[in-house]
Amino acid sequence: MVLQVGEARDPSRDPAVVKKMAVLLMQGAVMLQETCPLDGLPLFRLRSGEIVCPVHGRVMIVSSEREARDVEVEEVLYEVMYRAALRLREEAEKGEPGRLREWVQVILGIEEILDMRRRRMREVDDKEKQEGQG
Ligand SMILES: [Zn+2]
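Residue numbering note: each chain is counted from 1, following its sequence as written. The model is predicted, so local features are restricted to residues of pLDDT at least 70 and side-chain atom pairs to those at 80 or more, both for listing and for counting; the totals for chains, interfaces and linings are taken over all residues.

Novice: Got a sec to walk through the overall build of the protein? Specific residues and values, please.
Specialist: Of regular secondary structure, the protein possesses three helices and four strands. Labels follow the DSSP assignment, with helices taken as runs of H or I lasting at least four residues and strands as runs of E lasting at least two, numbered in each case from the N terminus. For the protein, the succession of helices and strands along the chain, N to C, is α-β-β-β-β-α-α. The C-alpha atoms of the protein give a radius of gyration of 21 Å, which is well past the 14 Å a tight globule of 134 residues would have. Once the C-alpha set of the protein is aligned to its principal axes, its extents read approximately 65 × 50 × 30 Å. Counting only contacts in the protein whose residues sit at least 6 apart along the sequence, the fraction spanning at least 24 positions is 24%. This radius of gyration counts C-alpha atoms alone. The globule rule is 2.2 Å times how many residues there are, raised to the power 0.38. Each residue gets a C-beta atom placed from its backbone, and two residues are in contact if those atoms lie within 7 Å.

Okay, structure coming up:
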């Protein structure tokens, strides 16, 4: 495919994308300064707090390598919890209460870690806000 200068595909001119952005705004989403690194479209923050690209869906904004790894850690934790939940279902079907408790413990442990991490992140958030005001 040959593209002339100025003719490069601009997703913000795609009617489907424009429509998607309009729908997001109608749903109360907020357009952010940050743009999607893949297509340069503005990102939107949904009422749920999730950040989405009109084309790529849910994205994570990370400002540092450390933050990126943090997100990765969280994904691993969710993955392990999901697997534990699947095992829990297996054991429940077999009717072995002893094994059931083990998997419940795994899930509870991960929930606790996620909870602690969320609390820590909120604290960092609040601190940044206070610093911004002061
Ligand atoms: Zn995108």
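On we go from here.
Novice: Give a description of the domain arrangement of the protein that names residues and reports values.
Specialist: The domain boundaries here were taken from an automatic or database domain assignment. The domain boundaries assigned to the protein delineate domain 1 (11-59) and domain 2 (65-133). One C-alpha centre belongs to domain 1, the other to domain 2; they are set 28 Å apart.

Novice: Which residues make up the sheet that holds strand E4 (residues 57-59), and what values go with them?
Specialist: Should DSSP find at least two bridges between two strands, the strands are taken to pair. With respect to topology, four strands assemble into an open sheet ordered E1-E2-E3-E4, the strand pairing being antiparallel. The two strands at the open ends of the sheet, each matched to only one other strand, are strand E1 (30-35) and E4. Between one strand axis and the next, the sheet turns by 45° as a mean value, whatever way the strands run. To get an axis, fit a line to the C-alpha atoms, keeping to the stretch in contact for a helix; angles then go from 0 to 180 degrees between the N-to-C directions.

Novice: Please set out the pairing of strand E2 (residues 42-45) residue by residue, giving values where relevant.
Specialist: In this sheet, E2 lies alongside E1 in antiparallel orientation, the contact comprising three bridges. Counted as the bridge partner of Met31 is Phe44 from E2. In this sheet, strand E3 (residues 51-53) lies alongside E2 in antiparallel orientation, the contact comprising two bridges. Note that in E3 the partner of Phe44 across the bridge is Val52. Here E2 folds back onto E3, and the loop between the two strands holds five residues, one of which, Gly49, carries a positive phi near 100°.

Novice: Describe helix H2 (residues 65-94), listing the residues and the values that go with them.
Specialist: One fewer than the residue count of a helix, multiplied by 1.5 Å, yields its expected span. Counted at 1.5 Å a residue, the expected span for H2 with its 30 residues is 44 Å, and the 44 Å between its end C-alpha atoms agrees. Following H2 by one or two positions, Gly95 has its phi on the positive side, about 70°.

Novice: Talk me through the confidence of the model for the protein; I want residue IDs and the actual numbers.
Specialist: Confidence scores per residue from the predictor, reported as pLDDT, run from 0 to 100. Residue-level pLDDT values for the protein average 84, and 91% of them are 70 or greater. Helix H3 (residues 97-133) is the least confidently modelled element of the protein, averaging 83 in pLDDT, while helix H1 (residues 15-26) averages 94, the highest of any element. Note on residues 3-7: pLDDT is under 50 here. Beyond four places in sequence and across chains, it has one contact.

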